[in-house]
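# Descriptive structure summary
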Amino acid sequence: MIEINNLVKHYGDKKAVNGISFTVQDDEVLGFLGPNGAGKSTTMNIITGYLSSTSGTVKVNGHDILEEPELAKKDIGYLPELPPLYLDMTVLEYLNFICDLKQVKKSERKEQLAKIIAMVKIVDVADRLIGNLSKGYKQRVGIAQALVGNPSILILDEPTVGLDPNQIIEIRKLIRTLAKDHSVIISSHILSEIQAVCDRVVIINKGKVAAIDTITDLSKRLSGTSKLLLSFKGDAKACVNAVRAVPGVSDCKIRISDNDIHEAEVTVSGSSATDIRTSIFFTMSKNNWPIMEFRSLDPTLEEIFLSITGA
Amino acid sequence: MLAVFKREFLSYFRSPVGYVAIALFSFLSGYIFINNFTTGSVNIASEVISLRSFFVVIVPIITMGLFAEDKKRGTEILYYTTPIDLFAVVMGKFLAAFALYGIMFVNVFIHMIVTKACNGIVDIGAWGSVIVFFFLAALFISIGILASAITDSQIISAIFCFIMILVIQLLSTISSLIGSTIGAFLSVLGVKAETSNAVGEAIINGINWLDPFTKTADFRYGVFSVAPLIFCISFAIVFLFLTFRILEKKRWSNG
Amino acid sequence: MSNAKNNKKSEPKDKRKQSLKLYSIGTIIILVVIVLVSNILFEKVLGKHMSFDFSLSNQNSISQESIDFIKGLPDDTKIRIVGLMDRPTSLNNNPMRYIVPLLDDYANKSGGKITVEYVNPETYPSILKELDRENVYDLKKDQFAVYYQGKVIAVEPYDCFTYDSTYAQQGYMFPTANAVEYSFTNAIANITSGFTAKAYFVTGLQCDESTQLKHIMSSLGFETADLAVSDSFAIPDDCDLLIINNPQTDISEKVKTVMSDYINNGGDFIVAVNFYNNVGESYPKLNAVLNMMNLNIDNYVIRENDATYALDQTGFAALITRTDNYTLFSSSSQFRSSYSRPVRAYDNPYSYIKTDAVLTTSSTATAVQIDENNNVHEFENAKTYNVAMYATYEGMSDPPCCYVFGTSDFTSDSYISSYGYNDANVQFIRNCIRDITGLNDYNNVQIQSKPLDDYSIDSTKVTSSNASVMTIVFMVVVPLALVVVAAVVYNKRKNL
């Protein structure tokens, strides 16, 4: 468990982090979300003890990172944005070195390393030079490094940045596996990633927490207005006007027109979205405008993020 | 500490750096030894003393990457975020460089054996200069480590270390230069000759006090004194501590 | 930190950072101060005691003799030893390596009575004025000045060693012994005791140089000067000791007259003559002077027949022994001497002349004559011959005294430079000089010189083939092998 209380970090006059507080429960995956320069990396660096905060406390399983750094750091595995890899070592040499650093007992080392190597799927590159590995493998070695010493908390800073889609999927899978018995904090500006793996999300902007909630709750909280997607064939203009005329619909816009298929976004005001769908269906069928696709649009994290950060 | 020592020491031999440094040292020490040998008189102490002048080249080679490379590659974050004391990191790297120096020095031990085999003398002065050599090596390596910690460029670190050691090697020249300049300056200002001389001399003596070479000069003649060794070690600790503080600064500074 | 929430706006200063910075800089300053102070304290307080001379001959430590002598000086004695140079830093293969550490040891062990400093007169010309107010000592750069109460004794680094004379003739200065302590302690003894005396060396008799003997004498506090034989030969009034060292021709009539006057006035002198292969050499005029002291040098060469005394087949090089009156003059009772002439008491009838045998042969030596063809003619029966004798007048307030040596092995440059200042012969002649001039009334400092370290290796192994093998191994094979290993390792790892 990590308790972060009122974290402040100044860089000169600039406040990179300005009063961030949140708690990460055991075995929870927390997404840490914000635009570039919002203070994500700074916060993570403070949590891991790399930087000291200007004020505020970080407690890792009850140990203050400033007062009992050794105990606190023991429980944290950290993958920084740039994985701290020695390119001139082989994977095994490197992981053994990390074991030395984290004071993993000699007796447990072999077993633990074998487990980690199997888990992050780097068995076949274990004897290769890290400098010769692909970016995806390097990232896995970075994660392996964070896993050494069995920390209860994993902090991953942008773990999928720069990877190709296959690798991203692999890494996400890996994170979900890890989440079973670790608390995980993942920072990202790739929202789908957070959506894919996180239980809860902390959104920060300009050094402050903009929102903390589970993803579903957050969506709900934001769903004072909901949206529908409507694809159809026919006269776009007439159709838009017709839909607009349906009671409860506050707006309708054409998003895409592809030859004679149009895609419209329908904004619904009020709470009874289901009723409105029937009305729209009948309006369409009445006018002989075939519906190609019709579904409700859950607010994406992009939208949540945009609406919260006020962009 | 052991972890860092192990990694850094082995990394000398994973890359060409360690081999090249040892090869260089073998070549230089061999050259000096053979030059002595052909004259029919081999004084190991002289050889070791001559080898001290190569600190200025060899120390930067072996220390330049120690911290600079970590900074550049981002691996230094490991030392901040794992439960290891930063000072232990500094000591580990220091000991690795020191151990490499020890390995280089095997050359001189071989020369000693050859000398013995030729009925030459390896006297107490030779051992004295060996002891001094290692204490000076400790001092200069600590300077090299400091140089490596202040920058993320190996080249800058090497140059800085080179200049520092060069200045120390030329300290007696520099001191008399500064001392006489200030003395002359004072006498120009109208200070009495005795006073300006005394001031100049005091400055020379003050700067010379810092010169580890003068301090340890007597060892090669078999005169062992503890004070110069304490001097070397304590200043090595100062430089290592400074390195530690510079690393730690990263935690709280604006950088 | 609990109320950080309340004052986070009103607190633009970063308190934690400030305190960390303060702590960081503070600890650095404290450490540097501790290191500086403890170093200075350690050096000043314990430095002396924590310094150990392990060198075999204690080259760099002053001997107990010096320490005792310095301890015996009054507590308020202030002796300055000023090196007229920048403090030498590179002592490598340089005579300074024996001087600088030893002088430091003087300063350390003198209890403040002796200070050592290095002042370059080129940088600080005023130092010469300071040491030598009346400009009488002719101090030069690179000398050491031993300064005490306005008086100065200059010590040349070159003079602190004895050199092999055979090499010296070829222009190489090959030091044989280290007499640094000998030079400096004697200088200190002389300058503090106030003993001064002047010795004149008679030259112009095809004598050898007397450089070594002059060194020995100047370390005893003598001023030495040459006195060339000429028609206007005269012995100056300030002459305390006249020395005729190894003449190969007889003295002139003029010198004979002057020396007779000198003896009548109570003058002291030392004569040393040996047997050169010039068979015809004889010294009637010199003997005429010696006869005044009831001594005579015979024109024979002593051949030692006792095998325990003889040093070679011919018996011309042999050991000689001191007589009982002179046991204190040297620790060794036997001395080397070659081609010695017998010195005997003459038949001068005056009973106030007292002669004394000093150095004698075994009881079976013979005096022989060698002719032009190197044939040896037995001349006298086997008996004990005197190689050196002492003579003086009894019952006078300032009597003339003399030592006459029938050998040059106590005074010649070639002998002293070959065997060094610690040799028994040198020790003996030094004590003869002390005795004849009354120096023992002033001080009794007897410092040994020290053997130099010899780093030479077995010359049979310094063959060019050995050297080239080593060149190849140490400078080519080993470095190249390492570079190859480096390349292999690099390549192998690169492709991992």
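Given the structure is predicted, the values throughout are model-derived calculations rather than measurements. (Residues numbered from 1 in each chain as written. Chains lettered and ligands numbered in written order. Predicted model: local features only at pLDDT ≥ 70, side-chain atom pairs only at ≥ 80, totals over all residues.)

## So, the overall build of chain C
- Summing up its helical and strand segments, chain C has 13 helices and 22 strands in all.
- Per-residue burial over chain C gives 41% buried out of 496 residues. (Helix = DSSP H or I, 4+ residues; strand = E, 2+ residues; numbered from the N terminus. Buried ≥ 20, exposed ≤ 12 C-beta atoms within 10 Å, placed from the backbone.)

## Details of the overall build of chain B
- Along its length, chain B carries 14 helices and 1 strand.
- Counting over 255 residues, chain B shows a buried share of 56%.
- Considering only contacts in chain B between residues 6 or more positions apart, those separated by 24 or more positions represent 80%. (Contact = placed C-beta atoms within 7 Å.)

## Here we look at the sheet that holds strand β8 (residues 183-188) of chain A
Residue and element names in this part refer to chain A.
- With respect to topology, 6 strands assemble into an open sheet ordered β6-β7-β8-β3-β9-β10, the strand pairing being mixed. At either end of the open sheet lies a strand with only one pairing partner, and these are β6 (76-79) and β10 (208-214). Pairs of neighbouring strands in the sheet enclose a mean axial angle of 15°, with direction left out of account.
- Bridging between strand β3 (residues 29-33) and strand β9 (residues 200-205) involves 4 bridges; their strand directions are parallel. Of the residues in β9, the one forming a bridge with L30 is R200.
- Helix α1 (residues 40-47) rests against β3, β7 (153-157), β8 and β9 of the sheet, and its axis sits at about 150° to β7. (Pairing = 2+ DSSP bridges. Axes fitted to C-alpha atoms, helices over the stretch in contact; angles between N-to-C directions.)

## Focus on the nonpolar core
- Within the largest apolar cluster, 155 residues are counted, with the highest numbers of intra-cluster contacts made by Y94(A), A144(A), I186(A) and I145(B).
- Residue contributions to this core peak at 16 residues, all from helix α9 (residues 124-149) of chain B.
- Setting aside anything within four residues of it in sequence, one finds I186(A) in contact with V29(A), G31(A), F32(A), L156(A), P159(A), I175(A), I194(A), V197(A) and C198(A).
- Residues F69(C), L131(C), L227(C) and V289(C) belong to the second largest nonpolar core, which totals 115 residues. (Core = buried A, V, L, I, M, F, W, Y, C linked by C-beta atoms within 7 Å.)

## Considerations on helix α4 (residues 96-109) of chain C
- Over its 14 residues, α4(C) extends 20 Å from the first C-alpha to the last, a length consistent with the 20 Å expected when each residue adds 1.5 Å.
- Counting buried positions over the 14 residues of α4(C) gives 10, a clear majority of the element.
- Turning to α4(C), its buried residues number three or more, namely M96(C), R97(C), Y98(C), I99(C), V100(C), P101(C), L102(C), L103(C), D105(C) and Y106(C).
- Buried residues along α4(C) sit in contact with β1 (223-225) of chain B together with β2 (79-83), β3 (114-118), β7 (175-178) and α7 (180-193) of chain C. (Expected span 1.5 Å × (residues − 1).)

## Some words on the interface of chain B and chain A
- Tallying the contact residues gives 20 residues for chain B and 24 residues for chain A.
- The set of elements that each furnish at least two residues to the side of chain B that touches chain A consists of α1 (2-14), α6 (77-81) and α14 (226-252) of chain B.
- It is α1(B) that provides the largest number of residues to the side of chain B that touches chain A, a total of 6 residues.
- Of the residues contributing to the side of chain B that touches chain A, the split by class is 8 nonpolar, 7 polar and 5 charged. (Nonpolar A, V, L, I, M, F, W, Y, C, P; charged D, E, K, R; others polar.)

## As for the interface of chain B and chain C
- Facing 57 residues of chain B, the contacting portion of chain C comprises 54 residues.
- Among the secondary structure elements, those contributing two or more residues to the side of chain B that touches chain C are α2 (16-39), α3 (44-52), α9, α11 (171-188), α12 (193-209), α13 (212-215), β1 and α14 of chain B.
- Here the side of chain B that touches chain C is built from residues that sort into 30 nonpolar, 20 polar and 7 charged.
- Pairing geometry for β1(B) and strand β1 (residues 51-53) of chain C, over 3 bridges, is antiparallel. Bridging across to β1(C), V223(B) finds its partner in D53(C).

## Describing α1(A)
Residues and elements named next belong to chain A.
- For α1, a buried count of 8 out of 8 residues is recorded, marking the element as mostly surrounded by other parts of the structure.
- When α1 is considered as a whole, its buried residues turn out to be K40, S41, T42, T43, M44, N45, I46 and I47.
- Count one or two residues on from α1 and you reach G49, which has phi positive near 85°.

## Brief notes about the packing of α2(B) against α3(B)
Residues and elements named next belong to chain B.
- It is at 10 Å that the axes of α2 and α3 come closest, and there the two elements cross at 145°. Seen along the crossing, α2 lies across α3 with a hand that is right-handed. Within the contact between the two elements, α2 uses L28, S29, I32, F33 and N36 and α3 uses S46, E47, S50 and L51.
- Looking at the contact of α2 with α3, its residues break down into 4 nonpolar, 4 polar and 1 charged. (Left-handed = near helix turned anticlockwise from the far one by under 90°.)

## What to know about the sheet that holds β2(C)
Residue and element names in this part refer to chain C.
- One open sheet holds the 4 strands; their spatial order is β3-β2-β4-β5, and the pairing between them is mixed. The two strands at the open ends of the sheet, each matched to only one other strand, are β3 and β5 (151-155). Across the sheet, the axes of successive neighbouring strands diverge by a mean angle of 20°, strand direction being ignored.
- Across 5 bridges, β2 lies against β3 in parallel orientation. Bridge assignment links G83 to a residue of β3, and that residue is Y118.
- α7 contacts β2, β4 (144-148) and β5 of the sheet and is inclined by roughly 160° relative to β5.

## Here we look at the pairing of strand β18 (residues 366-370) of chain C
All names here are of chain C.
- Pairing between strand β13 (residues 301-303) and β18: 3 bridges, direction antiparallel. Bridge pairing links R303 to T366 in β18.
- Here β18 runs beside strand β19 (residues 376-378); their pairing, made up of 3 bridges, is antiparallel. Among the inter-strand pairings, Q369 is bridged to a residue of β19, identified as H377.
- Linkage of β18 to β19, two consecutive antiparallel strands, is achieved through a turn of 5 residues, within which N374 is found at a positive phi near 65°.

## Here's the deal with unusual backbone geometry
- In this structure, N6(A) takes a positive phi of about 55° despite not being glycine.
- Judged by local crowding, N6(A) falls into the partly exposed class, with 19 C-beta atoms found within 10 Å.

## Things to note about the packing of α2(B) against helix α4 (residues 55-63) of chain B
Residue and element names in this part refer to chain B.
- As a packed pair, α2 and α4 sit with axes 10 Å apart at the nearest point and diverge in direction by 170°. Between α2 and α4, the interaxial angle falls into the category roughly antiparallel. Within the contact between the two elements, α2 uses V17, A21, L24 and F25 and α4 uses I58, I61 and I62.
- Residues that form the contact of α2 with α4 fall into these classes: 7 nonpolar, no polar and no charged. (Parallel < 35°, antiparallel > 145°, perpendicular 65-115°, else oblique.)

## Points about the confidence of the model for chain C
- Of all residues in chain C, 90% attain a pLDDT of 70 or more, and the chain-wide mean is 82.
- Within the model, pLDDT remains below 50 along residues 1-12 of chain C, and this stretch shows 11 contacts once partners closer than five positions in the same chain are excluded. (pLDDT = per-residue confidence, 0-100.)

## What to know about the environment of I215(A)
Residues and elements named next belong to chain A.
- Looking at where I215 falls in the secondary structure, it is placed in helix α8 (residues 215-222).
- A tally of 18 C-beta atoms within 10 Å means that I215 is categorised as partly exposed.
- As for I215 and R200, which are separated by 15 residues in sequence, their C-alpha atoms are 5.8 Å apart.
- Those residues in contact with I215 that sit more than four places away from it in its chain are Q195, C198 and V201.

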